[in-house]
Amino acid sequence: MEMNYIREMIKKEEVLNKAKEDYQTARIKAQTLCDHPKIVEGESVSGDAVSSSEPPFRVCTKCGYTEEGWGCGYSFLTKGYEEDRITIPAVDRKTAYEFVRGRVISNDEHIQVKLGRKELEEILK
Ligand SMILES: [Zn+2]
(Lines give C-alpha, C1' and ligand atoms only; values in the text may rest on other atoms or scores of the structure.)
Protein backbone atom coordinates (compact mmCIF):
# COMPACT_ATOMS: atom_id res chain seq x y z
CA MET A 1 0.00 0.00 0.00
CA GLU A 2 1.25 3.46 -0.91
CA MET A 3 2.17 5.85 1.87
CA ASN A 4 -0.18 8.75 2.34
CA TYR A 5 2.45 11.34 1.47
CA ILE A 6 3.15 9.60 -1.87
CA ARG A 7 -0.55 9.51 -2.64
CA GLU A 8 -0.80 13.19 -1.66
CA MET A 9 2.09 14.11 -3.98
CA ILE A 10 0.55 12.23 -6.92
CA LYS A 11 -2.79 13.92 -6.30
CA LYS A 12 -1.10 17.35 -6.32
CA GLU A 13 0.72 16.48 -9.56
CA GLU A 14 -2.59 15.65 -11.18
CA VAL A 15 -4.07 18.98 -10.04
CA LEU A 16 -0.97 20.83 -11.28
CA ASN A 17 -1.02 19.12 -14.69
CA LYS A 18 -4.71 19.91 -15.12
CA ALA A 19 -4.03 23.56 -14.19
CA LYS A 20 -1.17 23.69 -16.75
CA GLU A 21 -3.47 22.34 -19.46
CA ASP A 22 -6.19 24.83 -18.55
CA TYR A 23 -3.66 27.68 -18.57
CA GLN A 24 -2.34 26.65 -22.00
CA THR A 25 -5.86 26.55 -23.43
CA ALA A 26 -6.60 30.01 -22.00
CA ARG A 27 -3.26 31.41 -23.25
CA ILE A 28 -3.79 30.11 -26.79
CA LYS A 29 -7.31 31.53 -26.89
CA ALA A 30 -6.11 34.92 -25.64
CA GLN A 31 -3.19 35.02 -28.08
CA THR A 32 -5.28 34.08 -31.12
CA LEU A 33 -8.07 36.56 -30.30
CA CYS A 34 -5.93 39.49 -29.09
CA ASP A 35 -5.63 42.55 -31.33
CA HIS A 36 -2.08 43.06 -30.03
CA PRO A 37 -2.62 46.75 -29.27
CA LYS A 38 0.73 47.37 -27.61
CA ILE A 39 3.90 45.84 -29.01
CA VAL A 40 7.55 46.18 -28.00
CA GLU A 41 10.57 45.00 -29.95
CA GLY A 42 13.51 43.26 -28.29
CA GLU A 43 16.68 44.46 -29.97
CA SER A 44 18.76 42.22 -32.20
CA VAL A 45 22.23 41.11 -31.18
CA SER A 46 25.12 41.58 -33.61
CA GLY A 47 27.34 38.59 -34.12
CA ASP A 48 31.09 38.59 -33.63
CA ALA A 49 33.97 36.11 -33.82
CA VAL A 50 32.66 33.95 -30.97
CA SER A 51 28.88 34.33 -31.06
CA SER A 52 26.29 34.42 -33.82
CA SER A 53 23.82 37.24 -34.30
CA GLU A 54 20.28 36.98 -32.98
CA PRO A 55 17.28 38.50 -34.72
CA PRO A 56 15.04 41.05 -33.01
CA PHE A 57 11.66 39.82 -31.76
CA ARG A 58 8.34 41.50 -31.05
CA VAL A 59 6.06 40.82 -28.12
CA CYS A 60 2.49 41.91 -27.45
CA THR A 61 2.60 43.29 -23.91
CA LYS A 62 -1.07 42.33 -23.36
CA CYS A 63 -1.16 38.63 -24.32
CA GLY A 64 2.54 37.75 -24.56
CA TYR A 65 2.41 36.46 -28.14
CA THR A 66 5.95 36.68 -29.59
CA GLU A 67 7.40 36.59 -33.10
CA GLU A 68 10.98 36.50 -34.29
CA GLY A 69 11.98 39.16 -36.81
CA TRP A 70 14.28 39.50 -39.86
CA GLY A 71 13.68 37.06 -42.74
CA CYS A 72 10.06 37.63 -43.68
CA GLY A 73 9.55 40.28 -41.02
CA TYR A 74 6.52 39.91 -38.75
CA SER A 75 3.16 38.30 -39.40
CA PHE A 76 0.71 39.21 -36.63
CA LEU A 77 2.83 41.75 -34.76
CA THR A 78 2.92 44.39 -37.46
CA LYS A 79 1.01 47.62 -37.87
CA GLY A 80 0.95 47.07 -41.63
CA TYR A 81 0.69 50.23 -43.71
CA GLU A 82 0.51 52.33 -40.57
CA GLU A 83 3.86 51.07 -39.37
CA ASP A 84 5.74 53.96 -40.99
CA ARG A 85 4.00 56.48 -38.77
CA ILE A 86 3.73 54.34 -35.64
CA THR A 87 6.89 53.73 -33.69
CA ILE A 88 7.14 50.33 -32.07
CA PRO A 89 9.36 50.90 -29.06
CA ALA A 90 12.67 49.06 -29.02
CA VAL A 91 13.69 47.73 -25.62
CA ASP A 92 16.56 45.57 -24.41
CA ARG A 93 16.02 41.82 -24.84
CA LYS A 94 15.69 41.11 -21.12
CA THR A 95 12.85 43.63 -20.76
CA ALA A 96 11.09 42.26 -23.84
CA TYR A 97 11.40 38.65 -22.61
CA GLU A 98 9.51 39.56 -19.45
CA PHE A 99 6.34 39.94 -21.56
CA VAL A 100 6.71 36.61 -23.40
CA ARG A 101 4.06 33.99 -22.65
CA GLY A 102 4.57 30.61 -24.26
CA ARG A 103 7.59 30.76 -26.59
CA VAL A 104 9.09 32.86 -29.37
CA ILE A 105 7.48 31.81 -32.67
CA SER A 106 10.23 31.52 -35.28
CA ASN A 107 10.20 33.34 -38.60
CA ASP A 108 9.66 30.09 -40.54
CA GLU A 109 6.69 29.16 -38.39
CA HIS A 110 4.72 32.39 -38.33
CA ILE A 111 5.11 33.13 -42.05
CA GLN A 112 3.40 29.80 -42.81
CA VAL A 113 0.32 30.59 -40.72
CA LYS A 114 0.13 34.30 -41.53
CA LEU A 115 -3.35 34.08 -42.98
CA GLY A 116 -4.99 31.70 -40.58
CA ARG A 117 -5.77 32.08 -36.88
CA LYS A 118 -6.75 28.40 -36.77
CA GLU A 119 -3.28 27.41 -37.94
CA LEU A 120 -1.79 29.84 -35.43
CA GLU A 121 -3.58 27.98 -32.63
CA GLU A 122 -1.72 24.83 -33.68
CA ILE A 123 1.77 26.29 -33.44
CA LEU A 124 1.02 27.94 -30.09
CA LYS A 125 0.50 24.52 -28.44
ZN1 LIG B 1 -1.71 40.39 -28.02
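Model, not experiment: these values are computed from the prediction.

The rules we used
Residues numbered from 1 in each chain as written. Predicted model: local features only at pLDDT ≥ 70, side-chain atom pairs only at ≥ 80, totals over all residues. Helix = DSSP H or I, 4+ residues; strand = E, 2+ residues; numbered from the N terminus. Rg over C-alpha atoms; globule rule 2.2 N^0.38 Å. Buried ≥ 20, exposed ≤ 12 C-beta atoms within 10 Å, placed from the backbone. Pairing = 2+ DSSP bridges. Core = buried A, V, L, I, M, F, W, Y, C linked by C-beta atoms within 7 Å. Contact = placed C-beta atoms within 7 Å. pLDDT = per-residue confidence, 0-100. Axes fitted to C-alpha atoms, helices over the stretch in contact; angles between N-to-C directions. Left-handed = near helix turned anticlockwise from the far one by under 90°.

Next up on the list: the overall build of the protein. The helix and strand inventory of the protein stands at four helices and five strands. Counting helices and strands in the order they occur from the N terminus, the protein gives α-β-β-β-β-α-β-α-α. Here the protein has a C-alpha radius of gyration of 18 Å; the compact-globule value for 125 residues is 14 Å, and the former is much larger. The C-alpha extent of the protein, read off along each of the three principal axes, is 65 × 40 × 25 Å. Counting only residues that meet the buried cut, the protein has 18% of its 125 residues in that class.

This next bit is on the sheet that holds strand 4 (residues 90-91). The five strands are arranged 4-1-2-3-5 in an open sheet whose pairing can be described as mixed. Two strands close off the open sheet at either side, each with one partner strand: strand 4 and strand 5 (104-105).

Another point: the nonpolar core. By size, the foremost hydrophobic cluster in this structure holds 11 residues: Ile-39, Phe-57, Val-59, Cys-60, Cys-63, Tyr-65, Tyr-74, Phe-76, Leu-77, Ala-96 and Phe-99. Considering every element that reaches this core, the biggest residue donor is strand 2 (residues 57-60), with three residues. Setting aside residues no more than four positions away along its own chain, Tyr-65 makes contact with Gln-31, Cys-34, His-36, Cys-60 and Phe-76.

Below, the discussion takes up the confidence of the model for the protein. On average, the protein scores 90 in pLDDT, and the residues at 70 or more come to 97%. The spread of mean pLDDT over the elements of the protein runs between helix 4 (residues 117-124), the lowest at 82, and strand 2, the highest at 97.

Covered by surrounding structure in strand 2 are Phe-57 and Val-59 together with Arg-58 and Cys-60, the residues of both alternating faces. Sheet topology note: the strand 1 (residues 39-42)/strand 2 ladder contains four bridges and is antiparallel. Among the inter-strand pairings, Glu-41 is bridged to a residue of strand 2, identified as Arg-58. In the sheet, strand 2 pairs with strand 3 (residues 66-68) via three bridges, with the strands oriented antiparallel. In the strand pairing of strand 3, Val-59 is matched with Thr-66. Between the end of strand 2 and the start of strand 3, which pair antiparallel, lie five residues, with Gly-64 showing a positive phi angle near 85 degrees.

As a further point, take the packing of helix 1 (residues 4-33) against helix 4. Two numbers describe how helix 1 lies on helix 4: the axes approach to 10 Å, and their chain directions differ by 145 degrees. Once helix 1 is placed against helix 4, the crossing between them reads as right-handed. Here Ile-28, Gln-31 and Thr-32 of helix 1 come into contact with helix 4, specifically with Arg-117, Leu-120, Glu-121 and Leu-124.

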